[in-house]
Structures are given as structure tokens and as C-alpha cells.
Amino acid sequence: MAADSMEIDDALYSRQRYVLGDTAMQKMAQSHVFLSGIGGLGVEIAKNIILAGVKALTVHDTKQCTKWDLGINFFIHEDDITSQRNRAEATLHRIAELNPYVHVAASTVPLDETTDLSFLKQYQCVILTEVSLLLQKKINDFCHAQQPPIKFISADVYGICSRLFCDFGDEFEVLDTTGEEPKEIFISNITQSNPGIVTCLENHPHRLETGQFLTFREVNGMSCLNGSTHQITVVSPYSFSIGDTSDMEPYLHGGIAVQVKTPKMFYFERLEKQITNPLCLVADFSKPEAPLQIHVAMLALNHFQENFGRGPNIGCLQDAEEMLKIAMSVSETLENKPQVNGDVVKWLSRTAQGFLAPLAAAVGGVASQEVLKAVTGKFSPLQQWLYIDMSDMVTPLEKMGSEEFLPRGDRYDALRACIGDSLCQKLHDLNVFLVGCGAIGCEMLKNFALLGVGSGQDKGLVTITDPDLIEKSNLNRQFLFRPHHIQKPKSYTAAEATLNINPYLKIDSYINKVCPATENTYSDEFYTKQDVIVTALDNVEARRYIDSRCVANLRPLIDSGTMGTKGHTEVIVPHLTESYNSHRDPPEEEIPFCTLKSFPAAIEHTIQWARDKFESSFSHKPSLFNKFWQTYPSAEEVLQRIKSGESLEGCFHVIKTLSRRPRSWTQCVELARIKFEKYFSHKALQLLHSFPLDTRLKDGSLFWQSPKRPPFPVKFEFNDPLHYGFIVSAAKLFATVYCVPFTEKDLSEETILKIISAVKVPEFRPSNKVVQTDETARKPDHIPVSSEDERNAIFQLEKSILSNEALENDLQMKPISFEKDDDSNGHIDFITAASNLRAKMYNIEPADRFKTKRIAGKIIPAIATATAAVSGLVALELIKVVGGYPADAYKNCFLNLAIPIMVFTETAEVRRTEISQVKGLEKWQQRGKRFLLKIKQRVARRHSSSSVHV
């Protein structure tokens, strides 16, 4: 993203652009950010905001690299320790190479209570980690007092607890609070009343909220509503009120209500004031009191550090008792005087010198998103505190002696201080199978490296697989990859990069898909050797398959996924929780066949129609053509067979394609022009012939009313860029599939105009074909061929043979595989032009190329912040799985960093059913699904109905 021109590098940022939008991307590319503290949390934040694409980042740190840092900072290496390098300087070039568009600088000057803070005026956002609370207050006061305010964020991870604080000034305006597409609601009725009640179409709930604003268009009858904006009050899931409509004309039919995004103002208080009366985001609704309890505990920790000039010693009970006393007095200074949770205080004291890298990944992801909000004004900011703790992780460790947590002088001391040496060893000896090395996969491997997963001397192995090669668009999120890795296998490259973080890991890399076809590789024996399976996948079917393999082999599974700023994690443990397949999301709504073919109502319908046309014309038909001629190698043989009355499947369509095959660039352009007339003129004329504008249904209502839109033929205009774009893109694709060469001169306007001018466009002739109007009807698998069509096929094939146009080269085509990310191939150009022409024909608002690419390519919006947060939460659950924790310790999570919301829930307990008259249920633990099958057979024989838990 060049800072001078603000041009967005779509090849790099395409997935993130769909999350943030171009306006926010432009603002971000002009922002300067200051980050103090490049420890485990600071490096996470730096990574994420550099990947996002701020203009400049200054990383500040005054500490030297130590052995401790190897277990918390993935960009500090052993040679940095021997060289006694400053942490900011050691990590500078490694974080800078994440994104060549971001200028990264290092600062090592002291930052304390005597520092002149005027240097901060050059920054739009200041982030503090590992900074004393007193200095945080001073810097926050300075930032808040500036005009405009410098956005202030502070974040810390101490042992099992973390906190995040935001102050964006007295007032902070957000133009888009959610980032969601504005809703469009088709209207079925509007009452003439005060207030007027708007009812939407049956079975289409509006999903609006009271207070939102809507504008109206295409309303017939009550036409004065068109173009007007109204604040709504929700009446029911299918209706809302808009104010007085009693003096308006009666509503007739049609109309669309479109949500209007309005700016929202957010108000912030300074850190000093918020400390005494904190406004906290509640993440675990089963413990609504937890944020305030952690707030008190962490303030007590800050006071302990100020009083004694050090943190509490690891596992020291005396320091824990002292900190509990401080917490009691701190609580009295707060407005709400929250109850002190002694367990949280003591565990924070015992682990405060330690560091949970996965917790830093989770908090770092959230904090990074707040940075992006601060510099862009996109999405709702955090108000104003977020606390996350891992009390459920350390509670089962209560009986361990303090020596378990003491340092051993290796890279895992920070982790050991939190979870003890025994659990560290279990992580080192772990066999884990990671499926997918994309964005989440890269983050997971980083977490594995910091935890030492699979690094045991005699045990432990990380097995990874991913069939994909690295693309440029991956570099925006998949931080283990660099530009020189493009077109290399993800799994091999990720493994090599992970070993740079921790060379003691043992990693086996594969490039296979995990599916039924690869069960020789990923067999039952393979699964039984794994201690846990972690999925980093992008589709539901793959998750379902892997879940079934884990259930069959009684292996724990941790699943996660992201879509834009949203993310989820799910823990699945044999005999404790439900499996992934135990619950199913509602199936994705399919667009009815008749809607796609004849009655589009939204731009998504026209884009899908254009995508289908692409597949049909340039992939499916060419593939069938090739398959047919591989089965029947000569045209003469085919002619002889059909003359003898033999029925050859697909014969009619193949011969039709052969007889109309373009053999020159001129014929490709002519074909494109004829297709234009067929798709965008004749189709409309035929529909209006079948259903004239005044057509009425049996109940007397108009046929053409919302959501059905009457089409109007599009007259071809050479000078219209949309028309011209369709001709050129279609002609190029026809030339490719029919193996017709063309030159740059062939693509000139002069050449295209000359060809177009000579084309004889067929006149429209109405037919009596039945137009499908049933929304439940599906596309027919086969269209019957009449005897007349068969006779015509014989004639056409004879003609092609006599004309020497059925030779070996003529019996081959080149199918095209749709590729959305190659802008030079013309695939998205064709779909955009075809979709927008169809939209014009139906008076639907068109979509730009960017939106068309997302919908046609089924692109999942993605951003590094959500990926980092999700992977950190997965790694925290992994520790619990390895520790064999009870069911109530595990947490699933749903988050949406845009709102922001983070909700932890207990896992769903497995459902159990007693099976009568069956012995030996313990065999389920050994045989998985094989035993389940035997149980079912025995139950069936005994006429007993029951089931076993999965």
C-alpha cells in the first residue's frame, strides 16, 4: 500500500479489504503508532498491526534479551541472548519483513516519569505494555489532553491474568459500528396509520433493531416514501413502525427498505478515573463478577510492585498473603467496593512473574483490533476494560508443591511459573496432529513452538498437513510466510519457519488432504498415536470428516475458525463433551432455481447467475465435450452409431457445440455479441411475452410485484464500457476454451468495432416454453432431446465431417478452472460485466468488481487480529486437554472483535443413554465406532431401543 498514492495492493490485502473497507484501509495507511514493550504481548500486537498495514510503527524497549524471552517472544533467537541485544533492536528486522509497506523503527531511550512526552504528538495511537501503572496514568493524561486526542491503549499479561484498557478521548466518532452489510428488506405491506406499520415478506424476518434508520425505494402507491429516511421501532420479527403515514397515498405493492448506517459517538474517561469506577466487558456470563475481581487483583499487584520494587516471588505464599491484604484495601478505594476473590489474588501472586504465551496471543489479537479502530474509526471500540483470566487452568494444580513452578534456567521458565513443570513435560511429550497451515495454522505452530509442544527428548511429535501452495494474499495473515515463499508448499515452509522459533520441536510435514482417499496415510493406527488433533480448516465438511475420525478413535479434537472479525473455538473430548457432528448449523440458504434463471431480486442473484454461466460455458461444457470424444474417438463412428438408432449420452449437445465452434478471433467476438443479445435482450422479451406486465395471479394480484422484477431488454451500445467489457471478456474466454489464438491488435477497439458492426444478430422469436415459477423446483438434471433435434444433430455432424471441421483437433477443447485471484485471466471481468448487465436488465443496483469478486469467489473475509486471538484461545484449551482436566474446566468461545464481544461458554456435556441388557460397555473405550456398531446389532436382535454416547 503506497503511502503517497494510497493505492491498495489488492493481491496482498484482498481478504482484509473485505473486513475493513477501503476508507478504513486508507486511513490506516496514513497512521503512525507507538508501541512500548516488545515482550510476549508487545510482539503479538506489533505483528498484527504490521500485517494490517499501518504507515509506521515505532517499537520501544529498554530491556536486553534473556533466556526467558525465548519462551514468550517468537522473534527473539538464542544468538540475540548471547549478543546481549536490546529486545526492540533484536526484533526490528524480523517484524519489519512482515510487511514491506510499513515503516518500522526501534527506540531504546528510557521512558519514565521524568521523560518529556511531547515526542508522542507525532503518533495517532500509543500502546503501552510492561509499563508501571503510575507511568500509564501520566502518559494517558498527556494523550487524552491533546487535540485531537492521541488514542491510548494499555495491555498487560501477568501469569494467569490479563487486562486491556482503551481511552480514545472524550468523544470518538465511529462511522460504522459493526461492519455488516446494510440490510435490505422486501416489503409486502405498509399501513395508512399513525404510526405506519411496515410488514416484510412472509418467512423473511427483518432482523432490525429499534432506533435504526431505513430509506425506501421502489414503493408503489405510497411513493412519497421513496428516497426518505425514517427511524424505526420494531413491532415484531416481521414488522416495524416508521411514523405517521396516514396522510400518504395508499400502498399498492413493492418496495425495498434499506438500512442506513449512521455515525455513533463513543465517550471515554481517563485511566485515573476508570480505575476507581471501571466499565468492563463481561466475557463469561457465568461469572459476571469476575472482571471487577480481576481488576482488584491486578491493581493489588501494581501496588505490590510499587511498595516492594519487585513482583511477588513465584509460588511464594507469604507474598500471596501480602498481596491479599493490599487487595482488601484497594477494594475499599473503588466506588463499588467489589468483593475480593482470594483465590484469584493468590494465584495471580504465585504466577505473576510467569507468562502464558497463548493468553498473550488472545489478548494481543483483541488489542491489535482496538489499535485499528483507533486509527480508522471503523467498528465499536472497547469500553473500556477487558479482563481475561485462566483461573480454571490453575485450580487443578492447587496440590502441586511450589518447586513445580520454580525456574530451571531454560526457555520454558515463564510457562513453568504458570502451569508447573509436570504439565510442561506433558506438552513436550505430546503427539499432536495439526490439519491446515493457513492463518490459524501458522499461529498455532507459533504457539506450539513457545509451549514446546512435541519437543520431548524421547517422546513428542507435531504432524502437520496442508495441500496448498502459498499465494501472495496469504502473506497478510499467515505470518510464517514471506514473499520468497510464494508457490512453495505451506506445510513444508511453515515447519521450517517454526523451527526458527524453537529448533527443538520435532515436526513431520505432509501435503495431503485429510479425507477418505488418504486413509492409508491417516489410518486408525495414525490417529491412535495422536494425543490430540487440532483443526485449522476453512470448510464444514472437512471438519465433520475429521471429527468422525476422532470419534472413531477416541481422540480429543480442538476446532476453530474465523470469518472477518468473528471467530469461534470448540473443545471436543471423548466421553466428556459432545462431538462436532452432534450439532449442525442450519444449512446455507440456496437461491431458488427459478430466481436465478428468471426472477432475480438482488445483486447476489445476478452474480450467482453470471458465475453459473461461466462454469457452464467455459468449464462444464468443454469438459463434457472432451469426455465424449475420449469415449468416441472419431466423428465418423459417432455418425454411424446414431444413424443406426443408437442413443449416445450427451451426443446432441456435443454435436451442437462442434457445429458452432468458433475457429477465428472474429468468430469468438461474433459469438460474444450473439450471447449478449440472447442473455440481455431476448431473455427479457421472452419473459415479457410469457408474462406481460399486466399479468395477474389467481387471487387478482399482479404477477410482477416485489420481489419479482419485470425485465427490460438491454440495447447493445458499443460505447457503453459495460457492454464493451462483456464482449471483450467473453470473446477472450471463448478463444481460450476453443484454442483460438489472438493478439493485442485483435483486442483493440478498432478491431472489435469492425467485427461487431458486421455481426448479423438473430431477431427475437417468442417461444411457448414453460417458464418455471415454483421456488421449490430444482434445476432439471437432463433436458429431453426431441426427435427433430436428433435429426438435426445428424445433419450438423454430416456437414462438419464434409467440411473437414470434425478432425482430431476439432474434437478437443480447453476447459477453464475458475481462478478469482488472477486479475489477468479475465474471469472476474466476465462475471462482473455479465452480472451488472443482468442487474441493469432487472433494474437492480449493480456491484463493483471488488464486491463481485467476493461473492462469486466465495471469499471469506479475514484479518490477522481475529486469527491471532482464536489461536491463542485454542492453545489455552490444549493445555487443559493435555492436563486431563474435568469437563467444567473447558471453555468454548465466540468472539466478534468489531462489536466487540467475547463470550466464553462451558462445553456441551455428552448425552448419555442407558442400554439395557448389554454388557461390556467399557469396550467402547477401545473400539470406538466398531463397538457402537456391535452394540446396535445386539440391541436390534434383542428388540431393545437405546443408544450409546459419542
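Here is a short report on the structure shown in this document. In every chain, residue numbers begin from 1 and rise along the written sequence. Since the coordinates come from a predicted model, pLDDT governs what is reported: local features require at least 70, and pairs of side-chain atoms require 80 or more to be given and counted, while whole-chain, interface and lining totals use all residues. By convention in this description, side-chain values take in all heavy atoms of the structure and omit both hydrogens and water.

Looking now at the overall build of the chain. Labels follow the DSSP assignment, with helices taken as runs of H or I lasting at least four residues and strands as runs of E lasting at least two, numbered in each case from the N terminus. A count of helices and strands for the chain gives 31 helices and 25 strands. To get the radius of gyration, use the C-alpha atoms; to get the globule rule, take the number of residues to the power 0.38 and multiply by 2.2 Å. By the compact-globule yardstick of 30 Å for 950 residues, the chain fits well, its C-alpha radius of gyration being 32 Å. Each of the three principal axes of the chain carries a C-alpha extent, and together these read 100 × 70 × 65 Å. Throughout this description, buried means an accessible area under 20% of the type-specific maximum (1.4 Å probe, protein chains only), exposed means over 50%, and partly exposed covers the range between. Taken over 950 residues, the chain has a buried fraction of 55%. Accessible surface computed for the chain: about 42400 Å², of which carbon and sulfur atoms make up 50%. Charge separation in the chain, taken as the distance between the mean sites of 104 positive and 116 negative side-chain charges, equals 5 Å. In this description, accessible areas are obtained by the Shrake-Rupley approach with a 1.4 Å probe, and a residue is regarded as covered only by the protein chains that are shown. In this tally Asp and Glu are treated as negative and Lys and Arg as positive; neither His nor the chain ends contributes. By convention, the charge on Lys lies at NZ, on Arg at CZ, on Asp at CG and on Glu at CD.

Moving on, we get to the sheet that holds strand β19 (residues 461-465). Read across the sheet, eight strands follow the order β20-β19-β18-β21-β22-β23-β24-β25 without closing on themselves; strand pairing throughout is mixed. With partners counted over all chains shown, the strands left at the sheet margins are β20 (507-510) and β25 (901-906), one partner each. Neighbour to neighbour, the strand axes of the sheet diverge by 15° on average, direction disregarded. Across four bridges, the pairing between strand β18 (residues 431-435) and strand β21 (residues 532-535) is parallel. The partner of V435 across the bridge, within β21, is T535. Against the sheet, helix α15 (residues 439-451) touches β18, β19, β21 and β22 (557-563), its axis set at about 160° to β18. Any two strands with at least two DSSP-identified bridges between them are counted as paired. A fitted line through C-alpha atoms represents every axis, and for helices the fit uses only the stretch in contact; the resulting angles, taken between N-to-C directions, go from 0 to 180 degrees. When checking whether two residues touch, look at their non-hydrogen atoms; a contact exists if any pair is within 4.5 Å.

The way to describe two aromatic rings as a pair is by their centre distance and the angle between their planes. For Phe, Tyr and Trp, where Trp contributes only its six-membered ring, two rings pair if their centres lie within 6.5 Å, and the inter-plane angle classes them as stacked under 30 degrees, edge-to-face over 60, or tilted in between. Counted according to the given criterion, the structure contains 47 aromatic pairs. Centroid distance F599 to F703: 5.8 Å. Interplanar angle 70°. Geometry classified as edge-to-face. Of this pair, F599 sits in the loop between α19 (593-597) and α20 (603-631) while F703 sits in the loop between α23 (665-690) and α24 (721-737), and the two are 104 residues apart along the sequence. A relative accessible area of 8% means that F703 is categorised as buried. Measuring from centroid to centroid gives 6.3 Å for F625 and W629, while their planes differ by 65°, and the two rings are edge-to-face. Within this pair, F625 and its partner W629 are both found in helix α20, separated by four residues, close to a single helical turn.

Following the sequence through the fold, G243 ends up in the loop between β13 (239-241) and β14 (256-260). Residues G243 and Q231 lie twelve residues apart in sequence; the distance between their C-alpha atoms is 8.1 Å.

The sheet built from eight strands is open, its strands ordered β3-β2-β1-β4-β5-β6-β17-β16 with mixed pairing. Strand pairing shows two members of the sheet lacking a second neighbour, β3 (103-107) and β16 (280-281), which therefore form its edges. Here helix α3 (residues 40-52) sits on the sheet in contact with β1 (32-36), β2 (56-60), β3, β4 (125-128) and β5 (151-158), set at roughly 170° to β2.

Attention now goes to the state of the cysteines. Here, the term disulfide refers to a pair of cysteine sulfur atoms separated by no more than 2.5 Å. Taken as a whole, this structure holds zero disulfides when the rule is applied. For the unlinked cysteine C200, the closest cysteine sulfur is that of C594, found at 20 Å. Residue classification places C200 among the buried positions, given a relative accessible area of 4%. No disulfide involves C424; its sulfur sits 8.9 Å from the nearest other cysteine sulfur, which is in C418. Residue classification places C424 among the buried positions, given a relative accessible area of 0%.

Okay, the environment of E677 next. By secondary structure assignment, the location of E677 is in helix α23. Sequence spacing of E677 and S473 is 204 residues, and the spatial spacing of their C-alpha atoms is 37 Å. Residue contacts for E677: discarding those within four places in its chain leaves H682 and V761.

In the contact formed by helix α8 (residues 290-308) and helix α10 (residues 342-351), the axes pass within 9 Å of each other and the chain directions differ by 40°. With respect to each other, α8 and α10 are oriented oblique. The way α8 lies across α10 gives a crossing that is right-handed. For the pair formed by α8 and α10, the contact residues are I294, A297, M298 and L301 on the first element and V344, V345 and L348 on the second. Any residue outside Ala, Val, Leu, Ile, Met, Phe, Trp, Tyr, Cys, Pro, Asp, Glu, Lys and Arg is labelled polar, Gly included; the first ten of those are nonpolar and the last four are charged. Grouping the amino acids of the contact of α8 with α10 by side-chain chemistry returns seven nonpolar, no polar and no charged. Just so you know how the angles are binned, under 35 degrees is roughly parallel, over 145 roughly antiparallel, 65 to 115 roughly perpendicular, and the rest oblique. The handedness criterion is simple: a crossing whose near helix is rotated anticlockwise from the far helix by less than a right angle is left-handed, and one whose near helix is rotated clockwise is right-handed.

Trans is the common state for peptide bonds, and a negative phi is the common state for residues other than glycine. Residue P148 follows Q147 across a cis peptide bond; omega there is -5°. Relative to the elements of secondary structure, P148 occurs in the loop between α6 (133-145) and β5. Of the consecutive residues S706 and P707, the connecting peptide bond is found in the cis state with omega at 10°. Inspection of the secondary structure puts P707 in the loop between α23 and α24. Its identity as a non-glycine residue notwithstanding, Q487 has a phi of 75°, on the positive side.

Across soluble globular proteins, you tend to see nonpolar side chains buried next to one another. In these notes, a set of buried Ala, Val, Leu, Ile, Met, Phe, Trp, Tyr and Cys residues joined through side-chain atoms within 4.5 Å is what counts as a nonpolar core. Ranked by internal contacts, the top residues of the largest apolar core, which has 173 residues, are I139, L356, I419 and F448. Excluding anything up to four places from it in sequence, I139 contacts L111, L117, L120, V126, L128 and F152. Counting residues in hydrophobic clusters, the runner-up holds 77 residues, among them A610, V771, M813 and A833.

Between side chains of opposite charge, pairing is possible as soon as their charged atoms come close. Any Lys or Arg side-chain nitrogen found within 4 Å of a carboxyl oxygen on Asp or Glu counts as a salt bridge. Taken as a whole and assessed by the stated rule, the structure comprises 54 salt bridges. Here K840 ties to D720 by a salt bridge, and the two come within 3.5 Å at their closest N and O atoms. Residue K840 is located in helix α27 (residues 827-841), and its partner D720 is located in the loop between α23 and α24; the two are separated by 120 residues in the primary sequence. Linking K853 and D821 is a salt bridge whose minimum nitrogen-to-oxygen distance equals 3.5 Å. Here K853 is found in helix α28 (residues 849-856), whereas its partner D821 is found in the loop between α26 (787-802) and α27, with 32 residues between them in sequence. In this structure K853 comes out as buried when scored by relative accessible area, which is 3%. Classification of D821 by relative accessible area gives partly exposed; the value is 33%. One continuous salt-bridge network, built from bridges that share partners, spans D10, R15, R17, D22, D821 and K853.

Within the secondary structure, K151 is located in strand β5. Summary of buried charges: K151 has no salt-bridge partner, and the nearest side chain of opposite charge, D167, is 9.2 Å away. Apart from residues lying up to four places away in sequence, K151 is in contact with Q124, C125, V126, D167, F168, F172 and A374.

On the surface, K597, K621, R660, K678, K769 and K779 cluster together to form a positively charged patch. Within the fold, R660 resides in the loop between α22 (651-659) and α23. For R660, a relative accessible area of 57% gives the class exposed. Residues enter patches when their relative accessible area tops 30% and they take part in no salt bridge; the joining distance is 9 Å for like charges and 5 Å for the nonpolar side chains Val, Leu, Ile, Met, Phe, Trp and Tyr.

Within the secondary structure, S391 sits in helix α12 (residues 391-394). A residue is classified by how much of its surface remains accessible, and S391, at 15% relative accessible area, is buried. When near neighbours in sequence (up to four residues on either side) are disregarded, S391 contacts I160 and V344.

At a minimum axis distance of 12 Å, the contact between α24 and helix α25 (residues 749-757) shows a crossing angle of 90°. Comparing their axes, α25 and α24 come out roughly perpendicular. Contacts between α24 and α25 involve Y724, I727 and V728 on the former and, on the latter, E749, I752 and I756. Here the contact of α24 with α25 is built from residues that sort into five nonpolar, no polar and one charged.

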